[in-house]
Amino acid sequence: MTASPELSGARTASPDLLRSVFRQHAAGVAVITAAGDRPVGFTATSLNSVAAEPPLISFGVGTSSSSWPVVAEAEHIGVHILGEHQQELAATFARSGADRFGPSTHWRSGPEGVPVLDGVLAWLVCRVVARIPAGDHRIVIAEAVVGDPAGGGRPLLYHQGRFTALRD
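Residues numbered from 1 in each chain as written. Predicted model: local features only at pLDDT ≥ 70, side-chain atom pairs only at ≥ 80, totals over all residues. Heavy atoms only, no water.

Chemist: Report on the sheet that holds strand β3 (residues 40–44), specifying residues and quantitative values.
Modeler: Overall, antiparallel pairing links the 7 strands, which are arranged β3-β2-β6-β9-β10-β5-β4 in an open sheet. The sheet is open, and its two borders are formed by β3 and β4 (48–51), each paired with just one other strand. Pairs of neighbouring strands in the sheet enclose a mean axial angle of 35 degrees, with direction left out of account. Judged from the 3 bridges that link them, β4 and strand β5 (residues 56–62) form a sheet pairing that is antiparallel. Of the residues in β5, the one forming a bridge with S49 is I57. (Pairing = 2+ DSSP bridges. Helix = DSSP H or I, 4+ residues; strand = E, 2+ residues; numbered from the N terminus. Axes fitted to C-alpha atoms, helices over the stretch in contact; angles between N-to-C directions.)

Following this line, the structure appears as structure tokens:
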């Protein structure tokens with residue numbers, strides 16, 4: 001069997017290869033929040049719907065992130081679907097060392113004390129049911145408890161290493 005031209009650029013698996021491949025994958029942008037001594041949060045593109053019955057979601061979080069110690073202990077977390085107008089909010093929650101809940105972030109204490117961001121397309125407060133080790137991350141599975149899908153607008157996307165919007 002001879003190598004086909006389509007496989008000539010194939011590379012051995014590595015963190016760089018995974019990043020390069022997933023730059024080709026457009027993903028919705030969410031912010032995950034949790035309440036601790038101080039509120040924490042981070043931008044996530046790994047959010048998934050897992051099951052409708054019971055209503056389960058999942059996301060990945062790095063164990064070296066500043067939010068992990070609070071998420072590791074939290075009984076409830078917030079999930080916020082960002083709109084295309086919220087690129088700066090996404091960047092703030094993605095930036096290491098940023099004051100994520102500073103004056104430019106509009107939020108309130110929501111159900112179960114979870115920080116709920118204002119102006120998002122939709123949000124959920126979820127009860128954490130599992131934290132599964134996955135390399136240098138944990139996959140968090142949580143059951144939706146309460147939420148609001150009525151924000152309206154178009155979603156923010158992440159593609160090719162930058163935030164972007166849908167095109168018609």
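Chemist: Quick rundown of the pairing of β3? Include the residues and the values.
Modeler: Burial analysis of β3 places 5 of its 5 residues in the buried class, which makes it a mostly covered element. Here β3 shows two buried faces, one formed by V40, F42 and A44 and the other by G41 and T43. Examined bridge by bridge, strand β2 (residues 30–34) and β3 share 5 bridges and lie antiparallel to one another. Each residue of the ladder has a partner; that of I32, found in β3, is F42. The antiparallel hairpin formed by β2 and β3 contains 5 residues in its connecting segment. (Buried < 20%, exposed > 50% of the residue type's maximum accessible area, 1.4 Å probe, protein only.)

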